[in-house]
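What the coordinates show
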Amino acid sequence: MVMQRYLLTYIGVVLTLNLHHLIRAIDVPRDPSIQESLHQPPTITKQSVKNYIVDPRDNIFIECEAKGNPVPTFSWTRNGKFFNVAKDPRVSMRHWSGTLAVDFRSGGRPEDYEGEYQCFARNDFGTAISNKIFLQVSKSPLWPKENLDIQEVHEGAQLILACNPPPGLPPPAIFWMSSSMEPIHQDKRVSQGHNGDLYFSNVLQEDSQTDYSCNARFAFTHTIQQKNPYTLKVLTKHPPNETSFQNYTDIYSARGITERHPSFMYPIGTISSQMVLRGEDLLLECIASGVPTPGIMWHKKGGDLPAGRTKLENFDKALHIANVSEEDSGEYFCLASNKVGTSRHTISVRVKAAPFWLDEPENLILAPGEDGRLVCQANGNPKPSIQWLVNGEPIESSAPNPSREVTGDTIMFRDIQSGSSAVYQCNASNEHGYLLANAFVSVLDVIPRILAPRNQLIKVILNNRTLLNCPFFGSPIPTLRWFKNGQGSTLHGGNYKAHENGTLEIIRARKEDQGTYTCVATNLLGKAQNQVRLEIKDPTRIVDGPKDAVPKKGSTVYLVCRTRHDPTLRLTVSWLKDDVPLYLGTRIRKEDDGLTIYGVSEKDQGYYTCVASTELDKDTARAHLTILDPFLNRMTLPKARPDRPRDLELTDLSERSVRLTWIPGDDNNSPITDYIVEFEEDRYEPGRWQNHSRYPGSVNSAVLRLAPYVNYQFRVIAVNEVGSSYPSLPSERYHTNGARPEYNPTGVKGAGTAKNNMVISWTPLSATQVYGPNLRYIVKWRRRDTRESWSNRTVKGDISQYTVTQTPIYTPYEIKVQAVNDYGMAPEADTVIGYSGEDSGVGKHFIWDVKASPNSNWANITWNHTFDPDTEFVVEYINSKHWEHMNAAGSLMPPEILSSLRGNKTVKSYPAKTYVELVDLTPGEKYMVRVFLKGNDTISSNVTFETSAAYTKPPRDIATQGWFIGLMCAIALLVLILLIVCFIKRSRGGKYPVRENKDVPLDPDDQKVDNGSFDYSDEDNKPLQGSQTSLDGTIKQQESDDSLVDYGEGGEGQFNEDGSFIGQYTVKKDKEETEGNESSEATSPVNAIYSLA
């Protein structure tokens, strides 16, 4: 588009100062005609780092590039003096650049070019300067020759093997190995200090099994220098053997090593101090000796160690604090402890700061007679001094300028005049470093210019949003106004909106908006204008589209597609089958108003779409073709999707609602079950139809709830069991008034993508949540658990993330994102917790091994993690029915309802155990559980589980339940009654037939049988089979395992666990025998009942 090709790449901000314009930095437009005529002082665009270390094997390149008009020329100083590039044959300067190249292919020593370099870029309007670049050649010196004595030490004593590497540039990396190139094993007892020395908290006999060599690796030259190895001889009282540890609890007692109180090998003594610069990493170290090997713990006096930036290294002997600030100053102490005692060392930490910017000066473009100012504010510890330069020279020694006034960190310009263009430098320095910034002041008097092509023609469809572009430039910054047809007042307000960049927005193009529009840019020096001709075109519409059909196989089908379009636009009609371009041939022909298919077959079944398009818009209509087999029952009426609803009408218009009425279409032999109401708004997502609501198939009118500041258009879709109808023709539009937002963005989270940033992201408001023009988001953040004030930035409404830079490593932040429009602000946003990025060297945090222990309506969730104690986690869970809704394509369930179906609990971790109990679950359901870090759901783990079908409570003692006791009593009463009846009948005596007479020999027990009957007489009073006689003559049955006699407190006649009766099987003949043998049987219920009978 024209706007995209010619839109200026600069931004101007106009402030009022004493009725004059104060204009902030803009770039020169890229239009060639302006590039050739508009003057601009130089600006440094690229330069080498301040401390520049080069490889001696390579050529040297010192970068310096700048832009300006005219093109700048370059010069250099070395060690404060002019450096004549032309006199040195090895040195050259790149064309159109100030970059120096030093070539050593023909010889020369790189060391001869070490020093301090500074680049100057000049043109007719000023001079810009680079930082002072200190060039040094990398060095990797050899280790000095030395003879190392054998290190003799008693077992258990402390030992330090010094490394003392040669001073390299940059300093080398140190590591210890044996002469056979095997790494020295390091642990809590043996470890390397930050200075490269190897420390033994106590020496053991096995330490003498190898030698020790210090190695220095130089990164620039990719070389390793090796120190002569140490030989260690350990003197011991008890050489180790197979049985030396059998009678001792530790290795030291076994070898007769005397236990020692901890003492510090580094740092020495009890107090030391350390200075660190703001923004750097602090490394504190405590290495102690002792027997047994002491452990190290770290503390800060009067407070906790910095959260999120602290890491213990080297077996807890080193404390690493990343990105220190002034609040990290104070006293830190380490405690070295073993079972003998504890030692303490205090380290006083002072945080200083090299200069850093508070307000860096920016380029200033002014017109003659305007006012302006340059501000240079920096801070540091100690506080930096500010020095101003102009064109590379101290401002005190420059030519007087009556319009300029210097007051500390500010330069004021009043009534500036032509010829005052210059480049100003601000230098902020203290003992720890310096900052240098260039900012030019350009005095321009440029007549307005229109940068767009002349007399553009723009075509737009009726009722669509339209942008008329008119990019412009001038100094002073021109004012721009729009006129229609060369007359009338300025176009602004109502259906028109004029933007600062020169664009005129027509919110809704109407027929009366057609015409010629003129943009006029005016400043003190003159004016410029351009014309744009706007033509309003009728939309392309399919007035009669294809209908669903059920033709017989072999018949001919005609699908209609009648269109209406703007006669000045070229119309193209095409057909798709199942969303793929349809192949046309002799059997399938495209007609003027439709499509004819001859001899349809099964392969012709599917969806057919008619597409009517012009260069500006298009419309589609679709129908389904179902091929009917002629052998099917002809009396069966085919079912089809319903016809589209028609004649939509809006009534009962109010501020936040409207009534929509429609006439239903034919249901095609399948009753309509639902109506789906869709809406389209033409401001943010024109042409995109969205679900609004759903209603039963029995209604044809509904009151629709509306959101503010939406230009609604509605359509209705009918649904039956076959499918959905085509959408109805759209209703007329209805525009609601604006209001302040009621919602804030959702899904707010913060996570780092690099070690020094945090990306705050969110889900933007939808078109129906904007509520007003000029939507913005206010992004707020601050570190958690601090008293610092909120930082905030305001971003446009079409942005969904903001990156916070210069953050400490992996630090929790409180985050808010609040919506605001021209009507006001949304309610205060909720606070979420996010985390800045992690260093690649910092161990990543994980959540794993999530487990579920479910019952019918509750479940215990446990997991493992690598986070610190008191870290907050979120346990989110959802059942299978709801996640099927969530994953279903085309689901009509709104996201806010889906989110309400989820459950979650926030818990803190504890060193011993991390778990949470989920209650009120549904029996027999599948659940998905996700555990993630609060404020950072990118660190998560999940598990699925299923609750049991039957509700089960935790097990209880059944014997104590009331219902069980009652059941047992009822069973006992029943058994008792049955026994009474049984014995009453038996007590009547007589003979009872027991078997028929047979010609079978009788066994001894059947000798009493006479004529097939058994006589209960005194002679029968003998032990039953399976019984035995006691010592007192009482006949008893053999003991049974299932008798309650062995379990209860009573004797015979008790109940067992299943309610059955266990009685006495010994039977007495008459009352006399019962009375004559009073024993435990006398209390038997059986005998008592028999006696009564």
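Residues numbered from 1 in each chain as written. Predicted model: local features only at pLDDT ≥ 70, side-chain atom pairs only at ≥ 80, totals over all residues. Heavy atoms only, no water.

1. Some remarks on the pattern of salt bridges
Considering all chains together, one arrives at 44 salt bridges under this definition. Residue Asp544 pairs with Arg562 through a salt bridge whose shortest N-O separation is 2.8 Å. Here Arg562 lies in strand S51 (residues 562-564) and Asp544 lies in strand S49 (residues 541-544), a separation of 18 residues in the sequence. Its relative accessible area of 37% is what places Arg562 among the partly exposed residues. Put simply, Arg783 and Glu788 hold a salt bridge, and the shortest N to O gap is 3.6 Å. (Salt bridge = Lys/Arg side-chain N within 4 Å of Asp/Glu carboxyl O. Helix = DSSP H or I, 4+ residues; strand = E, 2+ residues; numbered from the N terminus. Buried < 20%, exposed > 50% of the residue type's maximum accessible area, 1.4 Å probe, protein only.)

2. A look at the sheet that holds strand S5 (residues 60-62)
Taken in spatial order, the 3 strands make up an open sheet running S5-S10-S9, and their pairing is antiparallel. With partners counted over all chains shown, the strands left at the sheet margins are S5 and strand S9 (91-93), one partner each. Between one strand axis and the next, the sheet turns by 20 degrees as a mean value, whatever way the strands run. Pairing of S9 with strand S10 (residues 100-102) involves 3 bridges; the strand directions are antiparallel. Following the sheet pairing, Met93 is matched in S10 by Leu100. (Pairing = 2+ DSSP bridges. Axes fitted to C-alpha atoms, helices over the stretch in contact; angles between N-to-C directions.)

3. Thoughts on the side chain of Arg189
One can find Arg189 in the loop between strand S16 (173-177) and strand S17 (190-192). For Arg189, the side chain forms a polar contact with the main-chain oxygen of Asn202, separated by 2.7 Å. Within the structure, the side chain of Arg189 is placed 2.7 Å from the side chain of Asp207, a separation counted as a polar contact. Residues contacting Arg189, with those up to four places away along its chain left out, are Tyr199, Phe200, Ser201, Asn202, Val203, Leu204, Asp207, Tyr252, Thr293 and Lys317. (Polar contact = N/O pair within 3.5 Å; in protein donor to acceptor, adjacent residues only side chain to side chain. Contact = heavy atoms within 4.5 Å.)

4. Let's talk about the environment of Gln514
Mapped onto the secondary structure, Gln514 falls in the loop between strand S46 (504-506) and strand S47 (515-523). Taking the C-alpha atoms as reference points, Gln514 and Leu462, separated by 52 residues in sequence, lie 10.0 Å from one another. Ignoring anything within four residues of it in the chain, the contact list for Gln514 reads Lys484, Leu534, Glu535 and Ile536. A polar contact is formed between the side chain of Gln514 and the backbone nitrogen of Ile536, at a distance of 2.7 Å.

5. What to know about unusual backbone geometry
Here the amide bond leading from Asn381 into Pro382 is cis, since omega sits at 5 degrees, within 30 degrees of zero. Note that Pro382 resides in the loop between strand S33 (377-381) and strand S34 (385-390). For Asp578, which is not glycine, the phi dihedral falls at a positive 55 degrees. With respect to the helices and strands, the residue Asp578 is situated in the loop between strand S52 (572-577) and strand S53 (580-581).

6. Digging into the sheet that holds S17
Here 3 strands make up an open sheet; going across it, the order is S15-S18-S17 and the pairing antiparallel. Since the sheet does not close on itself, it has two edges, and those belong to strand S15 (159-161) and S17, each with one partner. Mean inter-strand twist for the sheet, computed between neighbouring axes without regard to direction, equals 15 degrees.

7. Describing the state of the cysteines
Here a disulfide denotes a covalent bond joining the sulfur atom of one cysteine to the sulfur atom of another. Applying the stated criterion across every chain yields a total of 6 disulfides. The disulfide partner of Cys64 is Cys119, and the S-S distance across this bridge is 2.0 Å. For the disulfide bridge between Cys64 and Cys119, the dihedral angle about the S-S bond is near -75 degrees, and by the sign convention the bridge is left-handed. A residue pair is termed long-range when its members are at least 10 positions apart, and Cys64 in strand S6 (residues 64-69) and Cys119 in strand S11 (residues 115-123) qualify at 55 residues. Here Cys64 matches Cys119 in class, with each residue buried. Bonded cysteines in the protein chain are paired 1-2, 3-4, 5-6, 7-8, 9-10, 11-12 when counted in the order they occur along the chain. (Disulfide = S-S within 2.5 Å.)

8. Regarding the nonpolar core
Counting residues in each nonpolar core, the largest one holds 32 residues, and the members touching the most others are Ile60, Ile62, Trp76, Leu100, Tyr113, Tyr117 and Leu135. At the level of elements, strand S4 (51-54), S5, S6, strand S7 (73-78), S10, S11 and strand S13 (133-137) are the ones that each hand at least two residues to this core. Residues Tyr835, Phe867, Tyr927 and Val943 belong to the second largest nonpolar core, which totals 23 residues. (Core = buried A, V, L, I, M, F, W, Y, C linked by side-chain atoms within 4.5 Å.)

9. Brief notes about the packing of aromatic side chains
What describes a pair of aromatic rings is the distance from one ring centre to the other and the angle between the planes of the rings. Applying the stated rule across the entire model yields 15 aromatic pairs. By the ring-pair criterion, three or more aromatic residues cluster together here, those being Phe679, Tyr712 and Phe714. Over the face of the ring belonging to Phe333 we find Arg344, whose NZ or CZ atom lies 3.7 Å from the ring centre. Sitting above the plane of the Tyr726 ring, Arg641 keeps its charged end 5.0 Å from the centroid. (Phe/Tyr/Trp six-rings, centres within 6.5 Å; stacked < 30°, edge-to-face > 60°. Lys NZ or Arg CZ within 6 Å of the ring centre and 35° of its normal.)

10. Observations concerning the pairing of strand S57 (residues 618-625)
Where burial is concerned, the two faces of S57 differ: the one with Asp619, Ala621, Ala623 and Leu625 is buried and the one with Lys618, Thr620, Arg622 and His624 is not. Inspection of the sheet shows strand S56 (residues 606-613) paired to S57 by 8 bridges, in the antiparallel sense. By the bridge assignment, Tyr608 is partnered in S57 with Ala623.

11. Some thoughts on the environment of Lys383
Residue position: Lys383 is located in the loop between S33 and S34. Assessed through its relative accessible area of 64%, Lys383 is described here as exposed. A C-alpha to C-alpha distance of 8.9 Å links Lys383 and Ala354, two positions 29 residues apart in sequence.

12. Brief notes about a nonpolar patch on the surface
Taken together, the side chains of Leu973, Leu976, Ile977, Ile980, Val981 and Ile984 define a hydrophobic patch exposed on the protein surface, amounting to about 480 Å² of accessible area. Mapped onto the fold, Ile977 is located in helix H6 (residues 962-986). Judged by its relative accessible area of 45%, Ile977 falls in the partly exposed class. (Patch = residues over 30% accessible without salt bridge, like charges linked within 9 Å, V, L, I, M, F, W, Y side chains within 5 Å. Areas by Shrake-Rupley, 256 points an atom, 1.4 Å probe, with all protein chains shown as cover.)

13. Overview of the side chain of Asp328
One can find Asp328 in the loop between strand S28 (318-321) and strand S29 (330-337). On the basis of relative accessibility, which here comes to 2%, the residue Asp328 falls in the buried class. Among the polar contacts made by the side chain of Asp328, one reaches the side chain of Arg309 at a distance of 2.9 Å. Dropping the residues within four chain positions of it, Asp328 is found in contact with Lys300, Pro306, Arg309, Ile321, Asn323, Val349 and Val351.

14. Observations regarding the environment of Ile663
As for its placement among the helices and strands, Ile663 is situated in strand S59 (residues 657-663). Given a relative accessible area of 33%, Ile663 falls into the partly exposed group. For the pair Ile663 and Arg644, spaced 19 residues apart in sequence, the C-alpha separation works out to 9.2 Å. Setting aside its immediate chain neighbours within four residues, Ile663 contacts Pro645, Arg646 and Asp647.

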